[in-house]
Amino acid sequence: MRIIPHFSAEGLSNVYLIVDDDGNGIIIDPGQVDREILEFIEHFCTRLAAVLITHRHESHTAGLGTLLKIYDVDVYAYGKSIGSIETIQFSDGETKRIGNIDVKALLVPGHSMDSLVYSIDGAIFTGDTISSGSVAMTDSFVEKELLIKSLEEKVMTLDDNTLIFPGHGAPSKIRIEKMLNQDMLESEASTTGKAYRVH
Amino acid sequence: MFSLKKCSMPGCHAFTYNGGDYCFHHSENKKELFQNAVRMLEKGNEFRNISMPAASFRNLEVHKGGKIIGSNFSFCVFENCTFEDVSVYSVFFDFCVFRSCVFHSCDIRYAIFSGSTFTDTIITDTAAIYSNFMGINAENCDFSSNDFYYSNFSLSKLSDVSMDDCNLKRTSFRSCITKSVSFRFSNPEEAFFRKEEPYRIM
């Protein structure tokens, strides 16, 4: 399996192309479909099998229309549709086989109520829920608590070596986030009353 | 990307060396694998999809113009190693030790150096973009003339580090501890800093 990250200058987000051993490709969060990502698809894939959407925000979906004009491909998300585009829905904890790859979806609400984290093999694609060193912006403290609780229950319980590919910024690992994610550490400190130090 | 298959040795959670049954340390021919890896790094044009955590590299001179892609070097030690004109894409160097190493004219993207220690190490004329330097401990290092666009140095400790003439647009230094760090001719105003107390101590 190949994981090819691509930086999208519009929205400053990461688009990921995953290719299985038979050349089936999966695009995660097509925030922008530019020449480079199309060249990756044409070079590495024999066919594009699916598009996975972590959540409906523009910086993760703006290129979806362009992609669907070029490729006849299924779109997967938590909600029934992305704009006018119908999706195949994932429910929390559900696993679907796409090409030769098992994709498991974990619902991690907070940043948006439709935020999914996709778990593929030993890697997770977290969209905006968690990125290296921080968690997503939320509209209120209630949503922040919901997000952190979901992350603690569903994401931080994964194996320490699990690779994290976020929607924005550099990749990471669960081990790194357990030690250095300041938002998670601050939340833990505020709920347990225990102080933390990182150095 | 390196194989995400786990080692068959009971209790071992490490990734396999290159998709076989065992990780680097539980492979019977560990010495041979290490020598092959060193040969590939020094002589080959491309080092791809290999996972060899906690290995020690000394006096390594990575092949000029070579590419290191989708590999895992977590917990490795690099001493007196030179990376000149090397492309490094999606490579994990988390919790490594870099001592007296040189990265010159490299193209580094989506690389992870989190939790690593850099001592007497030089990174110059290098593009190190979209990369993760979170929680690094750098001492007496020269990180000048680099492009650190959208890289993350949050929670790191930089002591006697020169970051002169660097592009720091969208670079994060959130809760970074800095001592004798110079940003001459760089653009720290375009980087992200957080001014609160970085951490509370009991």
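Residues numbered from 1 in each chain as written. Chains lettered and ligands numbered in written order. Predicted model: local features only at pLDDT ≥ 70, side-chain atom pairs only at ≥ 80, totals over all residues. Heavy atoms only, no water.

Caption draft 1: Quick look at the overall build of chain B. Within chain B, the regular secondary structure consists of 1 helix and 16 strands. For 202 residues, the compact-globule estimate of 2.2 N^0.38 gives 17 Å, and chain B sits close to it at 17 Å. Of all 202 residues assigned to chain B, the portion counted as buried reaches 53%. Accessible surface, chain B: about 8800 Å² in total, of which carbon and sulfur atoms supply 47%. Across chain B, the 21 positively charged side chains and the 23 negatively charged ones have centroids separated by 6 Å. (Helix = DSSP H or I, 4+ residues; strand = E, 2+ residues; numbered from the N terminus. Rg over C-alpha atoms; globule rule 2.2 N^0.38 Å. Buried < 20%, exposed > 50% of the residue type's maximum accessible area, 1.4 Å probe, protein only. Areas by Shrake-Rupley, 256 points an atom, 1.4 Å probe, with all protein chains shown as cover. Lys, Arg positive; Asp, Glu negative; His and termini not counted. Charge placed at Lys NZ, Arg CZ, Asp CG, Glu CD.)

Caption draft 2: Examining empty space enclosed by the protein more closely. With the rule as written, the count across this model stands at 2 cavities of 30 Å³ or more. Its boundaries defined by the atoms lining it, the largest cavity holds a volume of some 40 Å³. As for the largest cavity, its lining consists of Met-40, Leu-41, Gly-44, Asn-45, Glu-46, Phe-47, Val-62, His-63, Gly-66, Lys-67 and Ile-68 of chain B. Elements that contribute at least two residues to the lining of the largest cavity include exactly α1 (30-43), β1 (46-48) and β4 (67-69) of chain B. Its residues placed into classes, the lining of the largest cavity shows 5 nonpolar, 4 polar and 2 charged. Roughly 30 Å³ of volume is contained in the second largest cavity. Taken together, Asn-14, Tyr-16, Ile-28, Asp-29, Phe-125, Thr-126, Gly-127, Phe-165, Pro-166 and Gly-167 of chain A make up the full set of residues lining the second largest cavity. Residue assignment for the lining of the second largest cavity shows that the elements contributing at least two residues are β2 (13-19), β12 (123-127) and β15 (163-166) of chain A. Ranked by residues supplied to the lining of the second largest cavity, first place goes to β12 of chain A with 3 residues. (1 Å grid on protein atoms, 1.4 Å probe; cavity = no way out; pocket = protein on both sides within 12 Å on 5 of 7 lines; lining within 4 Å. Points joined across faces, edges and corners; volume = space filled by probe spheres on them. Nonpolar A, V, L, I, M, F, W, Y, C, P; charged D, E, K, R; others polar.)

Caption draft 3: Summary view of helix α6 (residues 182-192) of chain A. Residue and element names in this part refer to chain A. Among the residues of α6, Gln-182, Asp-183, Met-184, Leu-185, Ser-187 and Ala-189 are the ones counted as buried. Its buried side turned inward, α6 meets β14 (134-135), α4 (141-155) and α5 (174-180). One side-chain oxygen of the residue at the start of α6 lies 3.2 Å from the amide nitrogen of Asp-183, identifying that residue as Asn-181. Positioned one or two residues after α6, Gly-193 has a phi angle of 80°, which is positive. (Contact = heavy atoms within 4.5 Å. Polar contact = N/O pair within 3.5 Å; in protein donor to acceptor, adjacent residues only side chain to side chain.)

Caption draft 4: Examining the packing of α4 of chain A against α6 of chain A more closely. All names here are of chain A. Between α4 and α6, whose axes approach to 11 Å, the crossing angle comes to 100°. Judged on the interaxial angle alone, α6 and α4 are roughly perpendicular. Note on element contacts: α6 touches α4 through Asp-183, Met-184 and Ser-187, opposite Lys-144, Ile-148, Leu-151 and Glu-152. Classifying every residue of the contact of α4 with α6 gives 3 nonpolar, 1 polar and 3 charged. (Axes fitted to C-alpha atoms, helices over the stretch in contact; angles between N-to-C directions. Parallel < 35°, antiparallel > 145°, perpendicular 65-115°, else oblique.)

Caption draft 5: Structural context of helix α1 (residues 35-44) of chain A. Residue and element names in this part refer to chain A. Looking only at α1, the buried set comprises Ile-37, Phe-40 and Ile-41. The buried residues of α1 occupy an angular sector of 95° when projected down its axis, which confines them to one face. In α1, the exposed positions that point more than 90 degrees away from the buried face belong to Arg-35, Glu-42 and His-43. Buried residues along α1 sit against β1 (2-8), β2, β3 (24-28), β4 (47-52) and α3 (64-70). (Arc of directions from axis to C-beta.)

Caption draft 6: Summary view of the pairing of strand β10 (residues 101-107) of chain A. Residues and elements named next belong to chain A. For β10, a buried count of 5 out of 7 residues is recorded, marking the element as mostly surrounded by other parts of the structure. In this structure, β10 lies alongside strand β11 (residues 116-120), joined through 5 bridges in antiparallel fashion. Following the sheet pairing, Lys-104 is matched in β11 by Ser-119. (Pairing = 2+ DSSP bridges.)

Caption draft 7: Here's a closer look at the layout of surface pockets. Taken as a whole, the largest pocket holds about 820 Å³ of empty space. Lining the largest pocket are 27 residues, with Ser-131, Ser-134 and Val-135 of chain A together with Tyr-150 and Arg-174 of chain B sitting closest to its centre. A breakdown of the residues in the lining of the largest pocket according to their chemical character gives 8 nonpolar, 13 polar and 6 charged. When its volume is computed, the second largest pocket comes out at roughly 530 Å³. If you trace the second largest pocket, you find 21 residues lining it, with Ile-4, Pro-5 and Phe-40 of chain A together with Ile-69 and Tyr-89 of chain B closest to the centre.

Scope: geometric values only; no functional claims are made or implied.
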